[in-house]
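Chain and residue survey
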Amino acid sequence: MTTSQTYWYNLSTQSVVRNDERPSEDCLGPFASAAEAEDSPAVLLEYAKSWLESEESEPYRQMAEELGDDTDRL
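Residues numbered from 1 in each chain as written. Predicted model: local features only at pLDDT ≥ 70, side-chain atom pairs only at ≥ 80, totals over all residues. Heavy atoms only, no water.

A word on the overall build of the chain
- If you tally the helices and strands in the chain, you get two helices and three strands.
- Along the chain, helices (α) and strands (β) appear in the sequence β-β-β-α-α when read from the amino end.
- Here the chain holds 74 residues, and 16% of them are scored as buried.
- Pairs at least 24 apart in sequence give 25% of the contacts found in the chain among residues at least 6 apart.
- Accessible surface for the chain amounts to roughly 6,100 Å². Of this, 50% is attributable to carbon and sulfur atoms. (Helix = DSSP H or I, 4+ residues; strand = E, 2+ residues; numbered from the N terminus. Buried < 20%, exposed > 50% of the residue type's maximum accessible area, 1.4 Å probe, protein only. Contact = heavy atoms within 4.5 Å. Areas by Shrake-Rupley, 256 points an atom, 1.4 Å probe, with all protein chains shown as cover.)

As for the pattern of salt bridges
- Applying the stated criterion across every chain yields a total of one salt bridge.
- In this structure, glutamate 58 engages arginine 61 in a salt bridge whose closest nitrogen and oxygen atoms are separated by 3.0 Å. On the criterion of helical spacing, the pair formed by glutamate 58 and arginine 61 is a turn pair, its members being three residues apart in helix H2 (residues 58-66).
- Judged by relative accessible area, glutamate 58 falls into the partly exposed class, the value being 31%. (Salt bridge = Lys/Arg side-chain N within 4 Å of Asp/Glu carboxyl O.)

Some words on helix H1 (residues 34-52)
- Compared with an ideal rise of 1.5 Å per residue, which puts 19 residues at 27 Å, H1 spans 28 Å between its outermost C-alpha atoms and is within 8% of the ideal.
- Serine 40 marks where H1 bends most, by close to 45°; the proline proline 41 follows one to four residues later. (Expected span 1.5 Å × (residues − 1). Bend = angle between axes of the 7 residues up to and from the residue.)

A short note on a nonpolar patch on the surface
- Among the surface-exposed residues, Trp51, Tyr60, Met63 and Leu67 lie close enough to one another that they form a single nonpolar patch of about 460 Å² accessible area.
- Turning to its location among the elements, tyrosine 60 is positioned in helix H2. (Patch = residues over 30% accessible without salt bridge, like charges linked within 9 Å, V, L, I, M, F, W, Y side chains within 5 Å.)

Structural notes on the side chain of serine 57
- Structurally, serine 57 can be placed in the loop between H1 and H2.
- Look at serine 57 and you get buried, because its relative accessible area is 0%.
- There is a polar contact of 3.2 Å between the side chain of serine 57 and the backbone oxygen of tryptophan 51.
- Setting aside anything within four residues of it in sequence, one finds serine 57 in contact with Trp51 and Leu52. (Polar contact = N/O pair within 3.5 Å; in protein donor to acceptor, adjacent residues only side chain to side chain.)

Describing the side chain of asparagine 10
- Its place among the elements puts asparagine 10 in strand S1 (residues 7-10).
- Judged by its relative accessible area of 11%, asparagine 10 is buried.
- Here the side chain of asparagine 10 touches threonine 13 through a polar contact of 3.0 Å, landing on its backbone nitrogen.
- When sequence neighbours within four positions are dropped, the list of residues in contact with asparagine 10 reads Ser15, Ser24, Asp26 and Cys27.

In structure tokens, the structure reads:
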């Protein structure tokens, strides 16, 4: 029985790891290719930016304002 290779992106080491290396809690994935895993932080950042600009995030932005959260947005 063969298993397909999967890849993970380790946020702590900022590197791609294979599925035979046990992923830690700070890994994104799984991904079908090393290139896809390597690009994942940029893709997730774009998703986050899009979500922040959407109406769906409005209640959370209001909550942050009420709590005095003055952290910078993405």
